[in-house]
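Below, each chain spelled out in residue letters.
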Amino acid sequence: MNVSVGLLEGQSAVEVELTGRFSDASGRPYAPGRHRFTSEVTLTPSEPSSAAFTLDGLTIGIGFHWERKERQVFRGAFRLLKREAGLTAINDVSLEDYVTSVISSEMRASCPLELLKAHAVISRSWLKFPTSNPSRSAKGRHEDLDSHEILRWYGREAHRDFDVCADDHCQRYQGITKAFSPSAAEAVRATAGQVLHYQGGICDTRFSKCCGGITERYATAWEDEEIPYLESVYDGPADSRAYSPDAWIRLNPPAYCNTNDSELLSRILPGFDQETRDFYRWRVAYTPEELADLIKSKLALDLGPILDLQALARGASGRIYRLKITGQQDHVIIGKELEIRRALSTTHLYSSAFVVDREAGRFVLRGAGWGHGVGLCQIGAAVMAMAGHTYTEILRHYYRGTSIGE
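Residues numbered from 1 in each chain as written. Predicted model: local features only at pLDDT ≥ 70, side-chain atom pairs only at ≥ 80, totals over all residues. Heavy atoms only, no water.

(A) Main features of the overall build of the protein chain. Helix and strand counts for the protein chain stand at 10 helices and 24 strands. By the burial criterion, 56% of the 406 residues in the protein chain qualify as buried. Sequence-distant contacts, at least 24 apart, represent 66% of the contacts inside the protein chain between residues at least 6 apart. As displayed, the protein chain offers around 16700 Å² of accessible surface, 48% of which is attributable to carbon and sulfur atoms. (Helix = DSSP H or I, 4+ residues; strand = E, 2+ residues; numbered from the N terminus. Buried < 20%, exposed > 50% of the residue type's maximum accessible area, 1.4 Å probe, protein only. Contact = heavy atoms within 4.5 Å. Areas by Shrake-Rupley, 256 points an atom, 1.4 Å probe, with all protein chains shown as cover.)

(B) Spotlight on the packing of aromatic side chains. Applying the stated criterion to the full structure yields 12 aromatic pairs. With a centroid separation of 5.3 Å and an interplanar angle of 50°, the aromatic rings of Tyr198 and Tyr229 are classed as tilted. On the criterion of sequence distance, the pair formed by Tyr198 in strand S14 (residues 195-198) and Tyr229 in the loop between helix H4 (218-221) and helix H5 (245-250) is long-range, its members being 31 residues apart. On the accessibility criterion, Tyr229 (6% relative accessible area) is buried. Here the aromatic residues Tyr30, Phe37, Phe53, Phe74, Phe78, Tyr98 and Tyr173 are joined through ring pairs into a cluster of three or more. A cation over a ring is seen here: Arg206 above Trp222, with NZ or CZ 4.3 Å from the ring centre. One residue, Arg358, lies across the ring of Phe363, its end atom 3.9 Å from the ring centre. (Phe/Tyr/Trp six-rings, centres within 6.5 Å; stacked < 30°, edge-to-face > 60°. Lys NZ or Arg CZ within 6 Å of the ring centre and 35° of its normal.)

(C) Representation of helix H9 (residues 378-386). By the criterion of burial, H9 is predominantly enclosed, with eight of the nine residues buried. A positive backbone phi angle near 105° is found at Gly388, which sits one or two residues after H9.

(D) The nonpolar core, seen in detail. Counting residues in each nonpolar core, the largest one holds 94 residues, and the members touching the most others are Leu55, Phe78, Tyr98 and Tyr399. Top element by residues in this core is helix H2 (residues 113-132). It accounts for nine residues. Ile320, Leu323, Val332 and Leu349 belong to the second-largest nonpolar core, a separate cluster that totals 24 residues. (Core = buried A, V, L, I, M, F, W, Y, C linked by side-chain atoms within 4.5 Å.)

(E) Molecular detail of the sheet that holds strand S4 (residues 29-30). Ordered by their spatial adjacency, seven strands build an open sheet running S4-S3-S6-S9-S10-S1-S13, and the pairing between neighbours is mixed. Where the open sheet ends on each side, the last strands, each with one partner, are S4 and strand S13 (164-165). Examined bridge by bridge, strand S1 (residues 2-11) and S13 share two bridges and lie parallel to one another. Residue Val5 lies in a different strand from S13, and its bridge partner there is Val164. (Pairing = 2+ DSSP bridges.)

(F) Examining the side chain of Ser352 more closely. Relative to the helices and strands, Ser352 resides in the loop between helix H8 (337-343) and strand S21 (354-359). Setting aside chain neighbours within four positions, we find Ser352 in contact with Gly318, Arg319, Ile320, Glu337, Ile340 and Arg341.

(G) Fine view of the environment of Tyr321. Mapped onto the elements, Tyr321 comes out in strand S19 (residues 320-327). Along the backbone, Tyr321 and Leu338 are 17 residues apart, and their C-alpha atoms lie at a distance of 8.4 Å. Excluding residues that lie within four positions of it along the chain, Tyr321 makes contacts with Thr220, Ala313, Arg314, Gly315, Ile334, Gly335, Lys336, Glu337 and Ile340.

Next up, the structure:
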């Protein structure tokens, strides 16, 4: 099975640097070096195991706080399609090479082997899920319910010209840019063809960076559907204590993903992710006027200086999926979790699991976790692997009632 990965779109021209020899569909050879294209072309490597191509200025983390441009190197075929908006650059690569890249891009290739195995299984499952479940592909929804309520979620939209994109909208795929380790290759070999199953079907294996101590239900982030294996679980050994969302977020309770181990984090997180160290519990503050400007910029609504932020509905992890924002001039209710994160930040809040305090005329948001929190918690899973848990134990912890098969 091959995977087509979208790397760039809307370009008037694309410059690519070839390492090794390539040829186009007519058999015309292309020598190593830089080549500039303004029309459609497909370049196939003569020696797939050693040839590569490089693109400059690829944007990663689009819209998030770690957004930046990178120079990235890829194996496999290089393809350009010409569309009305410009050229689209695509990398055609084998499934297992794609998975090897994803687990080395989402996390570091130096991660514990059992974490890399777990991630290989869920990355493979995530890719295969839509074709095996065409009626359940988590389409996005953008709807104004009335003049005072906006309900939006950002699902797994189908790409017109390729299977998946290379950024966090799908799964991070950065070619061979992030150095592969023997462990990454071994993790893919050891789990070759394995996917996660629930009642005979391939699972929709969502994952996020840090759940904040409790994973979240699927319905909090996407459509109102309860998926048994994407329910909320405490990210640690069995814990019978009960917390209110307010108390949970304000505390610093033990959990697998509650770690400040610098050595571990440097081993598991890509370099740009290591810049974010307050992922378990975090804090941001805004004046009423700053919040009003954010709402106006992100939602095109002029509410005036903000008077109140009220959580109307929360998920099991404390993540808000209906938030009422009241200003001097008007109010609005927004959801779901990603729309709330988008509206209250110049980029995105780490998560929608937060409580609000008023201090010295400012709104102080105290929050928990990094990402939507559904499914596997990457940092929690890394800590489990370091503690000696196998990849099957890690997957059973985050996806209850599932099994591994081909």
